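Structural characterization, general
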Amino acid sequence: MKGMVAFALAALLFLAFCVSARKDRRRFRNAVLLGLTLLTLSFGLLVQVRVLPGWLGTAVLLLVLAVPTFGLVALGVFLIANGVTMVRREGARLPNLLSLLAGLGIFAMIALLIIVGRFDSTLLTGFAATLTAVVAYVSFVLLCFLGYACLYGRIRVRGDVDHVVMLGSGLVGGDRVPPLLASRLRKGQQIYEAQLARGGRPPVLLVSGGKGSDEKVPEARAMADWLIAQGVPQEHVVLEDSSRTTEENMRLSRELMVADDPGYRCVVVTNNFHAFRAAMMARKAGVNGQVVGAPTARYFWPTATLREFAAVFWEHRTVNLGICGLLVALGALASLVTLTV
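Worth saying up front: this structure is predicted, and the values here are computed from it rather than measured. (Residues numbered from 1 in each chain as written. Predicted model: local features only at pLDDT ≥ 70, side-chain atom pairs only at ≥ 80, totals over all residues. Heavy atoms only, no water.)

Re the environment of His236
Among the secondary structure elements, His236 is positioned in the loop between α7 (219-229) and β3 (237-240). Put simply, His236 and Phe140 are 96 residues apart on the chain and 44 Å apart in space, counted from C-alpha to C-alpha. Aside from chain neighbours lying at most four places away, what touches His236 is Tyr192, Pro202, Pro203, Val204 and Leu205. (Helix = DSSP H or I, 4+ residues; strand = E, 2+ residues; numbered from the N terminus. Contact = heavy atoms within 4.5 Å.)

Following this line, the structure appears as structure tokens:
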């Protein structure tokens, strides 16, 4: 009976996910609904293990329990190895240490749970249980983010667009386009050329990025020069050279597109690790278009994705910190009750 209820709940959550994603693919709640669907489905499968044929029950246990357990260890090893690569190639700055710290954190949690089992301490057990609950919640939100970001990244540009917005990033030497930014420009140029090949009218290539304190020219100027050097006609390139943040990229680019055509349709190009978060920003800014991601160096992707998740988690801090605080309070209360009994 519990399994049937879980399956029914999973079906309802999946229906809610489909409706929400169809209405707007750029909502974070889509990620949460998808994660809750998979969680309740896993619970339903576990409840049904006893009534399934032997081989099928074993397969379900492996899928729901063993694979995540061994996968967690493998993930920890991968993150540590990636962190070492990041430090070697990009330097030991804090943003580059995220994957290394995450990998070490996984093994620290495993070690803590092993140690707790060796001591008969109510306080230590309560602390470990509370910390596990908080880590489990953060991990669940992370998996929701990763899963839906992968789905969102598979969006393809359908039909013609009026503008292709390319988001800027830092320049090399103050005036040169680095490989990370070049991949965005190349992706935007591919969308431009594909539309021309279909017989559509050429979209405006809108390059967006202002001048940083350590840059000689606005990012948009360097981006426009790169595109023109690749053969894009100068009259098809428009600059938005005042923005300093992604939020400003979206808002100021939208103003230019609305001024050109109030009924515009666009696509925004960034790197794949940034696509889903940029899509949420585009929705918030009222930009009429989806976001697509350009390829990123494999070694750079894990750390960059963790940075994106940290930013999204903080942007929804009222809910996330509230839930974490509630878990800590419940853990403290449970420990206090145990000590007084």
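Observations concerning helix α9 (residues 275-285)
Most of α9 sits out of view: eight of its 11 residues are buried. The complete set of buried residues in α9 reads Ala275, Phe276, Arg277, Ala278, Ala279, Met280, Met281 and Ala282. One or two residues past the end of α9 sits Gly286, with phi positive at roughly 80°. (Buried < 20%, exposed > 50% of the residue type's maximum accessible area, 1.4 Å probe, protein only.)

Quick notes on the sheet that holds strand β4 (residues 266-271)
Across the sheet, five strands lie side by side as β3-β2-β1-β4-β5; this open sheet has parallel pairing. In this open sheet, the two strands that pair with only one neighbour each are β3 and β5 (289-294). Within the sheet, the average angular offset between the axes of one strand and its neighbour, ignoring direction, is 25°. Of the pairings in the sheet, the one linking strand β2 (residues 204-208) to β3 comprises four bridges and is parallel in character. Counterpart to Leu205 in the pairing with β3 is Val237. (Pairing = 2+ DSSP bridges. Axes fitted to C-alpha atoms, helices over the stretch in contact; angles between N-to-C directions.)

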